[in-house]
Amino acid sequence: MSGATPRAQFRFVCPLPNGMHARPASLLADAARGFQSVVRLTIDDSAGVDVTSVLSVVALDVRHAQECTLIAEGDDASVAIHALARFVTETLPSVDTPTIHGRGPESERAVWLSPVLMSPESKTFVGVPAVGGIGFGEAVHVAGFTLSAEALRAVPCSVADELGALHAAVEATRESLTTRARGARGVEAELLRAHMAIATDTALSAAMETHVRGGATAIRAVFEACEGFAQRLRSAESEYIRERASDVGEVGMLLMSRLPGGSGRDDGPGVRLGSPSVILGETLTSHQLMSLDREHLHGLVLGGVGRTSHVVILARSFGIPTVVGMREPRSIARAGEEVIVDGEEGRVFVSPAAGVRGYFERERNAIIHGAERTRDTARGRVCTIDGQSIEVGVNAASEAEVHEGVRNGADGVGLVRTEFLFLDRNAPPNENEQFETYSSIVRAAEGRPVLFRTIDIGGDKPVAYMRLPREENPFLGVRGLRLYATHEELLRTQLRAMLRAATLGSVKIMAPMVSTPTEASWFRDRVDDAQRSLERDGVHVGEVSIGMMIEVPSATTVMDQFCRVMDFFSIGTNDLCQYWSAADRGNAGVASLGDARQPSFVRLLRGIVREARRHGRWIGVCGEMAGDAAILPLMVGLGVDEISVAPTSVGVLKSMVLQASGENCQSVLEEACGCEKVSEVAELLARPGWRGGSSMPIVDPSLVAMRSEATTKAEAIHEAACVLRATGRLSSTRPVEQAAWAREETYSTGLGHGFAIPHCKSEAVVHPSLAIVRLATPIEWGSLDEQPVSIVMLLVVPSSDSAGSHMKIFARLARRLMHESFRDRLRAAESAEGLVGVLREELELS
């Protein structure tokens, strides 16, 4: 008996502010792939597109609040639609990324320039600020996504040969991206996975094959197909989706590089930097960016690249000052010409005059000193305002990541993922190779404790040379410690290398995937065995603590028994959460269930930490949850000894700890445990109640420049603003400069007797502050008494200050300056401390 194909549909309104862009589209595709039915997404009564093709869904240009329909056809249509409807209503609204809106055509943007920068000798160009900071360097030109002359001249072989070459290029690209994604982290890893999805997209493959069958070479087919999709994306109404066109071009370049006529390199035509450089190009692929020498890469000036493009996201993670939206960027400077990139305001200065160069050197120094100040704050151990201490360690898989973490103030290395040493090779590393690697990591930690996790192989980390049998559900199978019994020599070699490295510093060793106290005891015995074998060999062995990951839910119920065996614990929230909630963390359809903010999971964590504390055991957290700044109040509230995070997150989290109140965070934790929904916990964490109070004096010695070489009013105001930015009082100097100059244009703030008090309110002001610049040579200010100024006091308050406090301080200061004794005391002060002492005493400042 035959019948119509089962069909089901679900109508919804797109909840995404940026429309259906790549990330939610890829999650929707993942959710649909679990079903046999063909699922289409339609809008405006169109035929719709297959939702498993991310490019087709993105190119559909679904906008915010637009009506959409999911249609499933197949034997499991009803089940599929039910699951996808749940995904759309529960998960989709939370996966968007807020767009950083551009400011429109920059030629139409009114750009304020400090008088210092109005030099006829410099060429100034305006684009869109994408990544902050100041970069100096020589101009270097790069080309974009084009066909080479060789590719244009190429004659196609047979269709079968061209298709064979095309399929081989796709497979090689997929393999390359997969391998690179395994060793990457954070934004870089996400980008590589997104490009892998595009390279294997079914709609893109079909389009490329169609071009080949139409008589094109494989390389031209890639170019035409990718350009076709890129054009569709560029015509989208959503700015965010338009900017995804560059990703398609990047993948096209990767595919073309592996075909006859291509470069044979992932990074396209090679660009080598031998000195401080600024890249100028219409586009730049993220793979090109990753291949450049970052020591010499000081800035990017790009044309058809958006602020939310992946290359800009990557540049932001690397801290490279970047300006985008520049018209014909390669034409603004000749190769080798001096360029300054102002990533703060989106401006580019070519062949700058000395005054312009000096202005940006001050600006760059202020930014650098501000960053160093944050690092200094984070350098030592931190505690909350009520004295609760918490270490912030770094997660690492290499010596380089440990160096970066230490530079950013990490208190230790909370997790070394040693399995990366065993992947992507034909045989396991021997004891000496491992010893050298572990030793370099211990040395890089510079005396800080290092926590090595023994190999966690299996699950999502298969190793070809171990020839592990295929498992139906590897995440619940033989992985982590469960592998050791059948690969005991592998474990013994690793433990010996770790114990040898422990002679160089403080080392802890922990096992992954421990489920029972018997397993924990067995692991401890293996460490003892390795130690005895080294002693028998006459090899010196270091002292180590032995612990385990807490990532198996059953282990959490017998913490008291584990405490009798283990010295310490580290909670791996990634696996623990997915096992606890029975929700695959890679499955978008159950993402909301696997959210670490689920109240039941927060209660579980509270119980684990309480039990470890009750038995006097050290306990840390090393999963993604630990590095999420929004969740920090829960970490503090739990009272863990350490959170271990990515190197770039160390400083931010330490700064947050300093602002936190331990008591308030414990209240937040208890309230979170009483919630019923993730959204309630999220709302709780978003409130400022976890913070403690803080105070900062309006003036202190760090705000004083005792001898300034400024020669103009503009330079003096800028220097004072830079002093404030370097000390964290301003988020940016330019708004303050502009506001101060707006007042100067109304009337001069030169009060006479050699003193000037420029003042303003600005959104860039973080704390009300008074910066003092004492000039080496008095300068003309347009003062009431027509005398030059030798002491400048820049008074700033936040825009939100409605009490007019800056005018009260200004009035008090102006009245005191009428007294010669006060002026003499300020002039006679020999140090910043002395000068500030006079101000505090005479003005009764706090």
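Sequence positions are assigned chain by chain, starting from 1 and proceeding in written order. Totals for whole chains, interfaces and linings use all residues, but because this is a predicted model, local features are given only for residues with pLDDT of at least 70 and pairs of side-chain atoms are given and counted only at 80 or more. Values shown for side chains rest on all heavy atoms present in the structure; no hydrogens or waters enter the calculation.

A count of helices and strands for the protein gives 30 helices and 27 strands. Summary of the burial criterion: residues with accessible area below 20% of their type's maximum are buried, those above 50% are exposed, and those between are partly exposed, where the area comes from a 1.4 Å probe applied to protein chains only. For the protein, the proportion of its 846 residues judged to be buried stands at 55%. A fraction of 71% describes how many contacts in the protein between residues 6 or more apart in sequence connect residues 24 or more apart. Note on areas: Shrake-Rupley, 1.4 Å probe, and residue coverage restricted to the protein chains presented here. Carbon and sulfur atoms form 50% of the exposed surface of the protein, whose accessible area is close to 35400 Å². Under the scheme used here, helices are H or I runs from DSSP no shorter than 4 residues and strands are E runs no shorter than 2 residues, and both carry numbers assigned from the N terminus. By definition, residues are in contact when any of their heavy atoms lie within 4.5 Å.

The next point concerns the confidence of the model for the protein. On average, residues of the protein score 85 in pLDDT, and 89% of them reach the 70 mark or higher. Values of pLDDT, ranging from 0 to 100, describe the predictor's confidence in every residue of the model. Here residues 97-108 is modelled with pLDDT under 50, and outside its nearest four sequence neighbours on either side it reaches 23 contacts, counting other chains as well.

Among the structural elements, L166 can be located in helix 5 (residues 159-183). Overall, the relative accessible area of 2% leaves L166 in the buried class. The spacing of L166 and M256 is 90 residues in sequence and 9.0 Å in space, taken between C-alpha atoms.

Another aspect to go through is the pairing of strand 20 (residues 618-621). Both faces of strand 20 are covered, namely the face carrying W618 and G620 and the face carrying I619 and V621. Strand pairing is assigned whenever DSSP detects at least two bridges linking the two strands. In this sheet, strand 20 lies alongside strand 19 (residues 568-571) in parallel orientation, the contact comprising 4 bridges. Bridge pairing in strand 20 places F569 opposite I619. Looking at chain direction, strand 20 and strand 21 (residues 642-645) are connected through 2 bridges and run parallel.

Another point: the packing of helix 14 (residues 399-407) against helix 15 (residues 431-444). Fitted lines through C-alpha atoms give the axes, limited to the stretch in contact for helices. The angle between two N-to-C directions lies from 0 to 180 degrees. Viewed as axis vectors pointing N to C, helix 14 and helix 15 meet at an angle of 5°, and their least axial separation amounts to 9 Å. Put simply, helix 14 runs roughly parallel to helix 15. Across from E399, V402, H403 and V406 in helix 14, the residues of helix 15 making contact are S440, I441 and A444. Amino acids outside the nonpolar list (Ala, Val, Leu, Ile, Met, Phe, Trp, Tyr, Cys, Pro) and the charged list (Asp, Glu, Lys, Arg) are all regarded as polar, and Gly is one of them. In terms of residue class, the contact of helix 14 with helix 15 is built from 4 nonpolar, 2 polar and 1 charged. Relative orientations are named as follows: roughly parallel for angles under 35 degrees, roughly antiparallel for angles over 145 degrees, roughly perpendicular for angles from 65 to 115 degrees, and oblique for any other angle.

Before going further, it helps to examine the sheet that holds strand 3 (residues 49-50). In spatial order, the strands read 1-4-2-3; together these 4 strands make up an open sheet with antiparallel pairing. On the outer flanks of this sheet lie strand 1 (7-13) and strand 3, each paired with one strand and no other. As paired elements, strand 1 and strand 4 (residues 67-73) share 7 bridges and run antiparallel to each other. From the neighbouring strand, R11 faces strand 4, where its bridge partner is T69. Relative to strand 1, helix 3 (residues 77-91) is tilted by about 10°, and along the sheet it contacts strand 1, strand 2 (38-43) and strand 4.

Ordered in space as 5-12-11-7-8-9-10-6, the 8 strands form an open sheet in which the pairing is mixed. In the strand order of this sheet, the two ends are held by strand 5 (123-126) and strand 6 (128-131), each with one partner. Shown here is a sheet whose adjacent strand axes are inclined to one another by a mean of 30°, direction ignored. Of the pairings in the sheet, the one linking strand 11 (residues 338-342) to strand 12 (residues 347-350) comprises 4 bridges and is antiparallel in character. When the sheet's bridge partners are listed, V341 is paired in strand 12 with V348. Helix 13 (residues 354-379) contacts strand 7 (134-141), strand 11 and strand 12 of the sheet and is inclined by roughly 120° relative to strand 7.

Let us now look at the nonpolar core. Here the nonpolar core consists of buried residues drawn from Ala, Val, Leu, Ile, Met, Phe, Trp, Tyr and Cys, with membership extended through side-chain atoms lying within 4.5 Å. If you look at the biggest cluster of nonpolar residues, it comprises 96 residues, and the most contacted ones within it are F523, F569 and L634. Ignoring sequence-local partners within four residues, the contact set of F569 consists of M548, I550, M559, F562, C563, A612, R617, W618, I619 and G620. I43, L147, V170 and A203 belong to the second-largest nonpolar core, a separate cluster that totals 64 residues.

To continue, consider unusual backbone geometry. Outside of glycine, negative phi angles account for most residues, and trans bonds account for most peptide bonds. Of note, E328 is a non-glycine position whose phi angle comes to about 45°, a positive value. Within the fold, E328 resides in the loop between strand 10 (322-324) and strand 11. E328 sits in the exposed class, given a relative accessible area of 58%. Phi angles above zero are rare outside glycine, and H753 is one such case at about 60°. You can see H753 is positioned in the loop between strand 23 (750-752) and strand 24 (755-756).

Within the secondary structure, S148 sits in the loop between strand 7 and helix 4 (149-153). Using a relative accessible area of 31% as the deciding quantity, one classes S148 as partly exposed. With 72 residues separating them along the chain, S148 and R220 place their C-alpha atoms 10.0 Å apart.

Below, the discussion takes up the packing of aromatic side chains. Two rings belonging to Phe, Tyr or Trp (six-membered ring only in the last case) form a pair when the distance between their centres is within 6.5 Å. Interplanar angles under 30 degrees mark stacking, angles over 60 mark edge-to-face geometry, and anything in between is tilted. Taken as a whole, this structure holds 6 aromatic pairs when the rule is applied. With 5.8 Å between their ring centres and 10° between their planes, F10 and F12 make a pair best called stacked. The criterion is that NZ of a Lys, or CZ of an Arg, lies within 6 Å of the ring centre and within 35 degrees of the ring normal, and then a charge sits over that ring. The residue whose ring lies beneath R500 is F435, and the NZ or CZ to ring-centre distance is 4.1 Å. Sitting over the face of the ring of F822, R816 holds its NZ or CZ atom 5.7 Å from the ring centroid.

Here helix 19 (residues 573-581) lies mainly inside the structure; 7 of its 9 residues are buried. The elements touched by buried residues of helix 19 are strand 18 (544-550), strand 19, helix 20 (599-614), strand 20 and helix 21 (624-627). Positive phi shows up at A582, right after helix 19, with a value of about 55°.

A few words now on helix 30 (residues 832-843). One less than the residue count of a helix, multiplied by 1.5 Å, gives the span that helix is expected to have. Spanning 12 residues, helix 30 covers 16 Å between terminal C-alpha atoms, matching the ideal 16 Å at 1.5 Å per step. Of the residues trailing helix 30, E844 is marked for its positive phi of about 55°.

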